[in-house]
Structures are given as structure tokens and as C-alpha cells.
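# Close look at the chain arrangement
If you want the building blocks of each chain, they are given just below.
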Amino acid sequence: RVIQSVAALVHLYRSNPDVELEARLGRFDGANFIPGVTRTEMDAIMSMLQEADCIDSEGEWTETQDFFYIYRTSNMRTRVSYDADRMRTDMCTIDKKILESVDIVSGEHGIRVAVKLETPSTHVPSAINTTCMRINQMRRFLLQHSTGKRHFAFDFSMTWSGKNKF
């Protein structure tokens, strides 16, 4: 049943170029999925990826700040990043919807596979209460196909979050 459910998500992903397919590693506390692995586990996985010939690192760690809020019944995220090379701050807002998800459980460990639709938004309120604020340090690895085309990204993140910055 799990394989069929994941296959349906992959089909949904392949049939719609506007969606992303995401798998998050984590653990289960009863029925609740808690995303994340230990730093030791993350470092071990990253070491394996760095040794693989078919995987390239996309630079070093980058940092962003994400602000989550509800605007007109939509779950929104505004991401703020600083580009040190251009010495400017960039901001991007999306309306994020989870279309489907499947949990894969193995003991207390697990993976949540989801198909998400992220739609850019230009309708950003000038002031709003956040539901969550996250500081995210991320490093990306890309799997290359034999044609040189990159197919999959492996994102590793260290995050700190709360309702706001205070």
C-alpha cells in the first residue's frame, strides 16, 4: 500500500510541472511526525553524498529567514535572504499548499513524502502577525543524470523557529 501511495505522488509530480515532490526524514511520536534527524546523522549522509561521483554540491551553507502567516485563508511564506555578492536583500512570497502526503514508518523513524504547490504571490500585506518564524541554514546537493541534467536535489537544513524573533 505504501509503494502504491508513493507512486501516486510521483505520478502527480510528473504530470504537473508546477509542483514539488519532497521527502522529509524524521521520526514518529505516536501518530505525530516530527521532522529532522540528529546532526550526527545529517553529517554522515552529507559525507556519503560528497564522496559520490554523480552528486555535486551547490556551494556552501546559505541562510534565510522565513515568515509564515495566514493571509485571506491562504498559508503564506515570505522568505528573506541576503546576497553578500550583490550586497542586497531579496524577498520572495509564496502561497504554499500541500496537495497530498504519505507517511512511511519504520519503528519510530520515518519519512514524510509530499507533493506541494508553491505559487508566487505579489499580494503581500505590509504588516501581519506571523504564525511561525524560522531561521534556516541550508546546503544543497544535486544528483546529475548521465546527460548532465540535474534531477534531484538533497537539501540539508539546520533550523531555529518560534512564533516570532523575540
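Bear in mind the structure is a predicted one, so any value in this text is a computation, not a measurement.

### Focus on the overall build of the protein chain
- Broken down by element type, the protein chain carries two helices and nine strands.
- Secondary structure elements of the protein chain occur, N-terminal to C-terminal, as α-β-β-α-β-β-β-β-β-β-β.
- Here the C-alpha coordinates of the protein chain stretch approximately 45 × 40 × 35 Å along the principal axes.
- Out of the 166 residues in the protein chain, the part that is buried amounts to 23%.
- A separation threshold of at least 6 residues defines the contact pool for the protein chain, and within that pool the share at least 24 residues apart is 56%.
- When the accessible surface of the protein chain is split by element, carbon and sulfur atoms take 52% of a total near 11,700 Å².

### Description of the packing of aromatic side chains
- Counted under the stated rule, the structure contains two aromatic pairs.
- When the ring of phenylalanine 141 is compared with that of phenylalanine 156, the centres are 5.8 Å apart and the planes differ by 85°; the resulting orientation is edge-to-face. Taken together, the residues span a long stretch of sequence, with phenylalanine 141 in strand β8 (residues 132–144) and phenylalanine 156 in strand β9 (residues 150–162) at a distance of 15 residues. For the pair shown, phenylalanine 141 and phenylalanine 156 are each scored as buried.

Thresholds, definitions, all that
- Residues numbered from 1 in each chain as written.
- Predicted model: local features only at pLDDT ≥ 70, side-chain atom pairs only at ≥ 80, totals over all residues.
- Heavy atoms only, no water.
- Helix = DSSP H or I, 4+ residues; strand = E, 2+ residues; numbered from the N terminus.
- Buried < 20%, exposed > 50% of the residue type's maximum accessible area, 1.4 Å probe, protein only.
- Contact = heavy atoms within 4.5 Å.
- Areas by Shrake-Rupley, 256 points an atom, 1.4 Å probe, with all protein chains shown as cover.
- Phe/Tyr/Trp six-rings, centres within 6.5 Å; stacked < 30°, edge-to-face > 60°.

Purely geometric stuff here, so don't read any function into it on its own.
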